[in-house]
Amino acid sequence: MKVKDILGALEEFAPLALQDGYDNAGLQIGLAEDAEATGALLCLDVTEDVVDEAVQRGCNLIVSHHPLLFRPVKSITGDDYIGRVIMKAIQQKVAIYAAHTNLDSAYEGVNFKMAEKLGLQHIEWLSTKTSYDYEGMTRTAGEGIIGTLPTPMIQKDFMGHVKEVFRLKSLRVNNAAKGTISRVALCGGSGAFLIQKAVEQGADAFITGEIGYHRFFGYDDQLLLMEIGHYESEQYTIELLHQVISRKAPGLQVCRTKLQTNPINYL
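Predicted, not measured: the structure shown is a model, and the values here were computed from it.

## A look at the sheet that holds strand β9 (residues 205–210)
In space, the six strands of this open sheet follow the order β5-β6-β8-β9-β10-β7, with mixed pairing throughout. Edge positions in the sheet fall to β5 (121–134) and β7 (172–173), since each of these pairs with one other strand and no more. Note: β9 against strand β10 (residues 224–227), four bridges, orientation parallel. Pairing of threonine 208 across the sheet is with glutamate 227, part of β10.

## Looking at the pattern of salt bridges
Scanning all chains against the criterion turns up 15 salt bridges. Note that glutamate 48 and arginine 84 form a salt bridge whose closest N and O atoms lie 3.0 Å from each other. Highlighted residues: glutamate 48 in helix α2 (residues 48–56) and arginine 84 in helix α3 (residues 81–91), separated in sequence by 36 residues. Judged by relative accessible area, glutamate 48 falls into the partly exposed class, the value being 24%. Residue classification places arginine 84 among the partly exposed positions, given a relative accessible area of 30%. One salt bridge in this structure joins arginine 172 and glutamate 227, with 2.3 Å as the shortest N-O distance. Pair noted here: arginine 172 is in strand β7 and glutamate 227 is in strand β10, with a separation of 55 residues, a long-range link. Since its relative accessible area comes to 49%, arginine 172 is described here as partly exposed. By relative accessible area, which is 11% here, glutamate 227 ends up buried. Several salt bridges share partner residues, and in doing so they unite Glu12, Glu135, Arg247 and Lys248 into one network.

## Considerations on the layout of surface pockets
Quantified by volume, the largest pocket comes out at close to 920 Å³. As for the largest pocket, its lining consists of 40 residues, and the residues nearest its centre are His66, Pro67, Phe70, His100 and His230. Elements represented by at least two residues in the lining of the largest pocket include exactly α3, α4 (101–105), β6 (137–154), β8 (180–190) and α8 (230–234). Considering every element that reaches the lining of the largest pocket, the biggest residue donor is β8, with four residues. The residue inventory of the lining of the largest pocket, partitioned by class, reads 16 nonpolar, 15 polar and nine charged. The volume enclosed by the second largest pocket comes to roughly 470 Å³. Looking at the second largest pocket, it is lined by 19 residues, and the ones nearest its centre are Phe166, Arg167, Tyr231, Gln235 and Gln260. Elements with a contribution of two residues or more to the lining of the second largest pocket: α8 and α9 (237–248).

## What to know about the sheet that holds strand β1 (residues 26–29)
Backbone hydrogen bonds are what pair the strands of a sheet, in a parallel or an antiparallel way. Reading across the sheet, the five strands line up as β1-β4-β3-β2-β11 and stay open at both edges, with mixed pairing between neighbours. This sheet does not close on itself; its edge strands, each paired only once, are β1 and β11 (254–256). For this sheet, the mean angle separating the axes of adjacent strands, direction not counted, is 25°. In this structure, β1 lies alongside strand β4 (residues 95–98), joined through three bridges in antiparallel fashion. Within the sheet, the bridge partner assigned to glycine 26 lies in β4 and is alanine 98. Of the strands in this sheet, β2 (40–43), β3 (61–64) and β11 touch α9, which is tilted by about 175° from β11.

## Here's the deal with helix α1 (residues 3–13)
The set of residues buried in α1 consists of Val3, Ile6, Leu7, Ala9, Leu10 and Phe13. Projection of α1 onto a plane perpendicular to its axis shows the buried side chains occupying an angular sector of 155°, all on one side.

## Focus on the packing of aromatic side chains
This model, assessed by the stated rule, comprises six aromatic pairs. Both rings, one in tyrosine 22 and one in phenylalanine 70, keep their centres 6.2 Å apart while their planes meet at 70°; by these two values the pair is edge-to-face. Of this pair, tyrosine 22 sits in the loop between α1 and β1 while phenylalanine 70 sits in the loop between β3 and α3, placing them 48 residues apart in sequence. What makes tyrosine 22 exposed here is its relative accessible area of 51%. Centre to centre, the rings of tyrosine 213 and phenylalanine 217 are 5.5 Å apart; their planes meet at 75°, and the pair counts as edge-to-face. Of the residues examined, phenylalanine 217 reaches a relative accessible area of 54% and is grouped as exposed. Here the basic side chain of lysine 117 rests over the ring of tyrosine 236, its NZ or CZ set 4.8 Å away from the ring centre.

About the cut-offs
- Residues numbered from 1 in each chain as written.
- Predicted model: local features only at pLDDT ≥ 70, side-chain atom pairs only at ≥ 80, totals over all residues.
- Heavy atoms only, no water.
- Pairing = 2+ DSSP bridges.
- Helix = DSSP H or I, 4+ residues; strand = E, 2+ residues; numbered from the N terminus.
- Salt bridge = Lys/Arg side-chain N within 4 Å of Asp/Glu carboxyl O.
- Buried < 20%, exposed > 50% of the residue type's maximum accessible area, 1.4 Å probe, protein only.
- 1 Å grid on protein atoms, 1.4 Å probe; cavity = no way out; pocket = protein on both sides within 12 Å on 5 of 7 lines; lining within 4 Å.
- Points joined across faces, edges and corners; volume = space filled by probe spheres on them.
- Nonpolar A, V, L, I, M, F, W, Y, C, P; charged D, E, K, R; others polar.
- Axes fitted to C-alpha atoms, helices over the stretch in contact; angles between N-to-C directions.
- Contact = heavy atoms within 4.5 Å.
- Arc of directions from axis to C-beta.
- Phe/Tyr/Trp six-rings, centres within 6.5 Å; stacked < 30°, edge-to-face > 60°.
- Lys NZ or Arg CZ within 6 Å of the ring centre and 35° of its normal.

Listed below in structure tokens is the structure:
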């Protein structure tokens, strides 16, 4: 199977047309796009070490969630990590592809994987965007999701459940006292813009990667806000990418990075 066939499978699942206007999802470095795929290495972020890992593990394709090339690059000199990654990937003939907000917006995408890990049921979009075709079926794209727990949980137990599922050392919450949590809304990454949608749809709790200081104000009487970290909220995206690629290319070596690329440390 060629590299471009794998990218086609990813774009069938999460069309690039679904990405937000500010985004740069898609093929980032395509020197080896038409080559036979020797393997795909999956990650959230592309670093120099990730490129080295791909080479060591015999993969000529890296599929990341976050785009390496997000802002315009005015020069490639090796003075920053982005330039060094670009040069190294080209030298090693490794293609780099990003599935970002298009994968967030896709049905059964990033947010659905988060909900699956939490055990949510009766899942719906918080906000719908458009429709698209996938394997002969019409799907709806959207932003954020809302669902229900199989059994309501007291707030303290639910917070413990979230910490366990997302392997958190710490959890940032507001001063809400909901008693029990049943209806849960969430959005991977920076989803604070959906807080009001969660309120309007009757969520008891809203989970996202980043909220920001000022956004925590004003919701104590409405819902429990939970900020779990950007990387932590999207960590299972690698598992999702593995499922999508392996389904279309069952004989291909598909590797999950062994590196922890979260730039934030907790002391």
